[in-house]
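Coordinates in review
This is what each chain is made of:
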Amino acid sequence: MQVLAVTPEIYPLVKTGGLADVTGALPLALKGQGVKMRTLVPGYPIVTGRFKKKKAVLQYEALHGGPASVFIAETGGLDLLVLDAPHLFDRVGGPYGDATGADWPDNWRRFAALSLVGADIAAGAISGYAPDLVHVHDWQAAMTLAYMRYGTAAGVPSVITVHNLAFQGQFGASIFPELGLPLHAMALDGVEYYGGVGFLKAGLQAASAITTVSPTYAQEIRTAEFGMGLNGLLNTRTGDLVGIVNGIDVDTWNPETDKLLAANFSVRAMKGRQANRLVVEERFGLERDNSPLLCVVSRLTWQKGIDILAAIGEAIVESGAKLAVLGSGDRALEGALLAGASRHRGRVGVVIGYDEPLSHQMQGGCDAILIPSRFEPCGLTQLYGLRYGCVPVVARTGGLADTVIDANEAAVAAGVATGFQFKANDGDAFIHAVRRTVAAFAAKPVWTSMQKQGMKADVSWARSGARYVDLYRSLIGKRQA
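**Some thoughts on the overall build of the chain**
Regarding its fold elements, the chain presents 19 helices and 18 strands. The C-alpha atoms of the chain give 23 Å as radius of gyration, which agrees with the globular expectation for 481 residues (23 Å, within 12%). On the principal axes, the C-alpha backbone points of the chain span a range of 65 × 45 × 45 Å. With an accessible surface of roughly 18,800 Å², the chain has 53% of that area assigned to carbon and sulfur atoms.

**So, the pattern of salt bridges**
Under the criterion given, the structure shown has 19 salt bridges. Measuring nitrogen to oxygen at the nearest pair gives 3.1 Å for the salt bridge that ties D289 to K322. Of this pair, D289 sits in the loop between helix 9 (273–284) and strand 13 (293–300) while K322 sits in strand 14 (residues 322–329), and the two are 33 residues apart along the sequence. Judged by relative accessible area, D289 falls into the partly exposed class, the value being 26%. Notably, a salt bridge pairs K304 with E376, separated by 2.9 Å at the nearest N-O pair. With K304 in the loop between strand 13 and helix 10 (306–311) and E376 in the loop between strand 16 (368–371) and helix 14 (381–388), this pair connects stretches of sequence that are 72 residues apart. Here K304 and E376 have matching classes, each one buried.

**Comments concerning the pairing of strand 11 (residues 209–212)**
The alternating pattern of strand 11 places A209 and T211 and I210 and T212 on opposite faces, both of which are buried. By the bridge criterion, four bridges tie strand 7 (residues 158–162) to strand 11 in an arrangement that is parallel. The residue of strand 11 that forms the bridge with V159 is A209. Two strands pair when backbone bridges link them, and strand 11 and strand 12 (residues 241–243) are joined in this way by three bridges, in the parallel orientation.

**Section: empty space enclosed by the protein**
It is a probe the size of a water molecule, rolled over the atoms, that shows where empty space is left. Inspection of the entire model under this criterion finds one cavity of 30 Å³ or more. The computed volume of the largest cavity comes to approximately 110 Å³. Lining the largest cavity we find 14 residues, and of these A310, G313, L337, G340 and V348 sit closest to its centre. Where the lining of the largest cavity is concerned, the elements lending two or more residues are helix 10, helix 11 (313–318), strand 14, helix 12 (331–343) and strand 15 (348–352). Sorting elements by how many residues they give to the lining of the largest cavity places helix 12 first, with five residues. Of the residues that constitute the lining of the largest cavity, the class distribution is nine nonpolar, three polar and two charged.

What counts as what
Residues numbered from 1 in each chain as written. Predicted model: local features only at pLDDT ≥ 70, side-chain atom pairs only at ≥ 80, totals over all residues. Heavy atoms only, no water. Helix = DSSP H or I, 4+ residues; strand = E, 2+ residues; numbered from the N terminus. Rg over C-alpha atoms; globule rule 2.2 N^0.38 Å. Areas by Shrake-Rupley, 256 points an atom, 1.4 Å probe, with all protein chains shown as cover. Salt bridge = Lys/Arg side-chain N within 4 Å of Asp/Glu carboxyl O. Buried < 20%, exposed > 50% of the residue type's maximum accessible area, 1.4 Å probe, protein only. Pairing = 2+ DSSP bridges. 1 Å grid on protein atoms, 1.4 Å probe; cavity = no way out; pocket = protein on both sides within 12 Å on 5 of 7 lines; lining within 4 Å. Points joined across faces, edges and corners; volume = space filled by probe spheres on them. Nonpolar A, V, L, I, M, F, W, Y, C, P; charged D, E, K, R; others polar.

Keep in mind that these numbers describe shape and distance, not what the molecule does.
Here's what the structure looks like:
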């Protein structure tokens, strides 16, 4: 089965969040299940710089303002198609914005170009390659399906995965004439969205099937609270909407072999966690004692509930726990957390920024990880926590609700509990969950059981990958029928 994936980022080449982890891991998971996935990605400098030999398999004299080509590449078992369009992607900054964090003003053009090329490839533009299905990710790739719908690849089955409905790619109507779509595409059942052009909306309208990254999120986005203005459309497509929880790369995230850890450990021999704990305590300036060490590894944003975390910092300290926070984001939230660390030296530590080795050491040495998100399509940090014996304390929403078994009395008695859940967007519920965590930590047999249950949980792509294969086959089967 030949599948073309289109994505704005992919690990290990370019990553801003969990999307890259998914698009980098899924092709590898599907290889053993009869699926060959090729992934089309933009030629950012960090991507093109990795490959010296560039054999073009597709060329454009003028692609949204300049010449471009597509070349084949391979890295870490991933089969790539790289869109080399320097006028669109060869820039200093991030994938979506400049060094200050401001969005590139022509993002609509950049990702319309990526999508147009994806649709061309779906239609057979590369000699000898005819994908059976196209799978796109998020708004940056969503217009691929609109170009397919109104072009010669209209019959090719397609899937769009929504990683976060909050990011939709909405632009003014003035860009429509430059997209190269027929006039009738600017309609309610096409790409039109509240008088402008909606990239994600267009993809949701055109896709053969829509997936989200957890079953609970698939239900949540059909409501006004979580639907972000698209719940009406999604409710018309309930028969095509399915939630498939993410997995993680269990080779990269393996406490027995992880080279980023200060010491390795396993579910059978947990002693190595202590060495990682000492590293974390030193880096964050925390007291060395036996009190529970809680951590947060997150973007510091409203969505992630970091304002709620900052508001209950005092109560966390009063509970007897220590807190280590790693992340960056909203400047006001960064300031609030740093102020809390200043007030509670030795009990609260904050590191602003992104540090991959430190994030591994925190999962490998902290006792619990706090995830107070207001909404969370899937979440990966709780899966890393389970894998590393860092007990997740999560808001009851999206994929967090689907992947963590709350330590209620029945679950603890049955020996199946893996973490703690609490009502989302509720500071009182959050601190109550922290107190439950501290109490469980004091009951060592209970705590050890929870750690081991989490570490034995299947957080790989095996089951989720099989569900994608079943979905692909059903869509291809419908076309052939």
